[in-house]
Amino acid sequence: MFGTSAKARQDAHDFDAMLSNAAGHASGVNQSEGIIAGTRIATEMGWRPVEGIVAGDMVMTFDHGPRPVVAVKRMQLWLGSNNCPRHLQPLAVPVGALGNATAMLLLPEQSVLVESDMAEAVFGDPFALIPAAALEGYRGIDRITPHQKVEVVVLEFDRDEVIYANGTGMIHCSSVDAGSLSAMIEPTSAMYEALPLDMARSIVAEMIEEDMLEADYSYAYAAE
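None of the values given here were measured: they were computed from a predicted structure. (Residues numbered from 1 in each chain as written. Predicted model: local features only at pLDDT ≥ 70, side-chain atom pairs only at ≥ 80, totals over all residues. Heavy atoms only, no water.)

## So, the sheet that holds strand S8 (residues 104–106)
The antiparallel open sheet is built from 3 strands, whose spatial order is S8-S7-S11. Where the open sheet ends on each side, the last strands, each with one partner, are S8 and strand S11 (142–143). With 3 bridges joining them, strand S7 (residues 91–93) and S8 adopt antiparallel strand pairing. Bridging from a neighbouring strand, Val 93 pairs with Met 104 of S8. (Pairing = 2+ DSSP bridges. Helix = DSSP H or I, 4+ residues; strand = E, 2+ residues; numbered from the N terminus.)

The structure is reproduced here in structure tokens:
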């Protein structure tokens with residue numbers, strides 16, 4: 001899946017190490033949202049593993065600078081004794097695929113912020129929030145099968161935020177009130193709303209095409 005180059009072998013090693021490090025003992029329920037333990041998050045005190053962040057820590061956000069974490073929840077991705085179902089399998093993101101400085105893992109329902117010409121043309125904004133599952137096949141991003149329990153950490157803020165992971169990778173974190181009864185009774189317009197999976201896949205397909213066109217242009221320029 002990762003090829004045979006030295007970089008691909010290093011990515012595979014990094015992914016295995018992350019899964020091993022994420023094998024925790026937290027109690028919880030089956031979960032497909034959140035941040036896998038081992039992911040490094042930008043904080044006011046520098047880059048820190050997400051499992052080391054506690055309520056009150058100041059985390060760097062895309063729109064609002066440093067913001068305090070209001071609540072931290074811990075759970076496990078998969079508690080079954082059989083193989084993890086495909087729809088829960090994390091996506092392995094090679095170095096640089098999303099601007100990430102190191103290899104990282106994303107859960108399929110974790111929303112990520114991407115930049116796209118298509119998003120700007122359709123929505124008037126170059127940034128779009130999409131489910132990570134839509135990224136499968138983009139720049140080598142693929143599913144990986146966990147063979148042990150994987151700890152998942154959910155960071156919540158006083159409002160929806162996008163935070164930085166493993167470099168410039170940008171992932172969404174919900175408001176602490178997102179699932180509350182009051183939020184359901186008196187819904188407010190969310191600052192971030194993830195696109196439906198089919199629309200997100202269309203944007204990713206366009207991003208793949210952009211990469212191909214850029215590669216063709218670079219090849220033609222180098223051949224001159």
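Don't stop here, the text continues.
## Topic: the packing of aromatic side chains
The final tally for this structure, using the stated rule, is 1 aromatic pair. Measuring from centroid to centroid gives 5.3 Å for Phe 62 and Phe 127, while their planes differ by 65°, and the two rings are edge-to-face. With a gap of 65 residues between them, Phe 62 in the loop between strand S4 (58–61) and strand S5 (65–68) and Phe 127 in strand S10 (residues 127–131) connect regions that are remote in the sequence. Judged by its relative accessible area of 28%, Phe 127 falls in the partly exposed class. (Phe/Tyr/Trp six-rings, centres within 6.5 Å; stacked < 30°, edge-to-face > 60°. Buried < 20%, exposed > 50% of the residue type's maximum accessible area, 1.4 Å probe, protein only.)

## A few points about the side chain of Thr 39
Secondary-structure assignment places Thr 39 in the loop between strand S1 (35–36) and strand S2 (40–43). Only 2.8 Å separates the side chain of Thr 39 from the backbone oxygen of Ile 36, close enough to count as a polar contact. (Polar contact = N/O pair within 3.5 Å; in protein donor to acceptor, adjacent residues only side chain to side chain.)

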